[in-house]
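# Commentary on secondary and tertiary structure
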Amino acid sequence: MYQQLCALLIIILCICGQCQSEQSFGIDFDRNTFVKDGKPFQYISGSIHMYRMPREYWNDRLEKMWAAGLNAIQTYVFWDQHELVEGVYNFDDTNDLVAFLQLAQKIGFVIILRVGPYICGEHEFGGFPWWLLRDLTDIQFRRMNSVYLNAVTRWMSVLLPKIRPLLYNNGGPVITVQVENEYGSYKACDHDYTSYLRDIFRQNLGDNVALFTTDCNGPHYLECGTTKGAYSTVNFGIKTNITEAFRYQRMYAPHGPLVNSEFYPGWLDLWGNNHAKVSTSDIIETLDEMLSTGVNVNIYMFFGGTNFGFTSGADPDYQPQPTSYDYDAPISEAGDIT
Ligand SMILES: *[C@@H]1O[C@H](CO)[C@@H](O)[C@H](O)[C@H]1NC(C)=O
């Protein structure tokens, strides 16, 4: 009986050991591809933000994305929603990030995570909490500034430990994590700041995850947006010559997979303008070309949803956006398949 128990225990331990070592994700620089569980992997992803819909719709929207044939989702973390009051963190209800990521994993997705701290001007104050504006004498945003970085470092020491067990190599769904956000579009171009951020990410996440950056497709953007130790990718939309488009990524990532981190099937709306509409045949043409040449692509947005309350952002010259973030996306603001 004792021997049988031992044998059973050994079998159980072996099975569990296998489960843990089975999941692996990384970049194969020789074969120019991502590698998942030992095999070349091409992601076909769509953007969706949990805050831009009621929690009751999370499952419906994600299942529709899975039915569309995507194998990945890309999603932002909105810092301002989690730290409404300085030092008080809210991860409940609509803010339950871990539950959202686990739901996506259960459906079958892997996840490309964009944790900011800045996360795009299309959300109020780029996702920064309002209280950072209380004292404007000493703070400077998105650069090597101690007031700003103290707040960022404290937030990341709360957020990133929640993400660490969800990394693909730790048994979770998260395959890559972005450092900053399209930083090459910001005038500061402070490489010390992006290096500092990268180091905070490494401290809190460990070495076993691919970090990346993404930028608008041009040499100046990549020069300021790229950080050593994070994989450089680009964003571009329809009617682009993709051979030419990836020339710039190759300047900063000479080896590794080709990645379009934001391919636009629509566009944001601005107050007073007509609802954005993009030609479906143009989208399909460029998307088909990328997919058939092995490009990893994320469709931004696949489901846009709603900017609730006063959370909508603005475009340059402070042209405000409406509450709708429909984006002319494949799944409409109301959740319909278009
Ligand atoms: C795309 O650009 C490449 C390189 O410049 C060129 O050889 C090719 O003809 C272009 N393709 C189209 C469809 O314009």
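Residues numbered from 1 in each chain as written. Predicted model: local features only at pLDDT ≥ 70, side-chain atom pairs only at ≥ 80, totals over all residues. Heavy atoms only, no water.

Let us now look at the overall build of the chain. Across its full length, the chain holds 9 helices and 13 strands. By the compact-globule yardstick of 20 Å for 338 residues, the chain fits well, its C-alpha radius of gyration being 20 Å. Once the C-alpha set of the chain is aligned to its principal axes, its extents read approximately 80 × 50 × 40 Å. Across the chain, every contact between residues at least 6 apart in sequence was considered, and the portion connecting residues at least 24 apart equals 72%. Carbon and sulfur atoms make up 55% of the accessible area of the chain, which totals about 15700 Å². Treating the 23 positive side-chain charges of the chain as one cloud and the 38 negative ones as another, the clouds have centres 5 Å apart. (Helix = DSSP H or I, 4+ residues; strand = E, 2+ residues; numbered from the N terminus. Rg over C-alpha atoms; globule rule 2.2 N^0.38 Å. Contact = heavy atoms within 4.5 Å. Areas by Shrake-Rupley, 256 points an atom, 1.4 Å probe, with all protein chains shown as cover. Lys, Arg positive; Asp, Glu negative; His and termini not counted. Charge placed at Lys NZ, Arg CZ, Asp CG, Glu CD.)

Once that is clear, we can look at helix α2 (residues 58–67). Along α2, the residues that are buried comprise Trp58, Arg61, Leu62 and Met65. In an axial view of α2, the angular spread of the buried residues amounts to 95°, which keeps them on one side of the axis. A positive backbone phi angle near 100° is found at Gly69, which sits one or two residues after α2. (Buried < 20%, exposed > 50% of the residue type's maximum accessible area, 1.4 Å probe, protein only. Arc of directions from axis to C-beta.)

So, about the sheet that holds strand β5 (residues 72–76). Around the barrel, 8 strands lie side by side as β4-β5-β6-β7-β8-β9-β10-β11; this closed barrel has parallel pairing. Across the sheet, the mean angle from the axis of one strand to that of its neighbour is 30°, orientation sign disregarded. (Pairing = 2+ DSSP bridges. Axes fitted to C-alpha atoms, helices over the stretch in contact; angles between N-to-C directions.)

Taken as a whole, this structure holds 13 salt bridges when the rule is applied. Residue Lys36 pairs with Asp37 through a salt bridge whose shortest N-O separation is 3.9 Å. In this structure, Glu262 and Arg114 form a salt bridge, with 2.8 Å as the shortest nitrogen-oxygen distance. With Glu262 in strand β10 (residues 259–263) and Arg114 in strand β6 (residues 110–114), this residue pair connects regions lying 148 residues apart in the sequence. The exposure class of Glu262 is buried, given its relative accessible area of 4%. Each member of the salt-bridge network shares a partner with another, and the members are Glu83, Glu86, Arg134 and Arg154. (Salt bridge = Lys/Arg side-chain N within 4 Å of Asp/Glu carboxyl O.)

Before going further, it helps to spend a moment on the side chain of Ser232. Within the secondary structure layout, Ser232 lies in strand β9 (residues 231–235). Under the relative-accessibility criterion, Ser232 is labelled buried at 2%. Within polar-contact distance, the side chain of Ser232 engages the side chain of Thr226 at 3.0 Å. With residues up to four places along the chain from it excluded, the contact list for Ser232 reads Thr213, Leu222, Thr226, Gln249, Tyr252 and Ala253. (Polar contact = N/O pair within 3.5 Å; in protein donor to acceptor, adjacent residues only side chain to side chain.)

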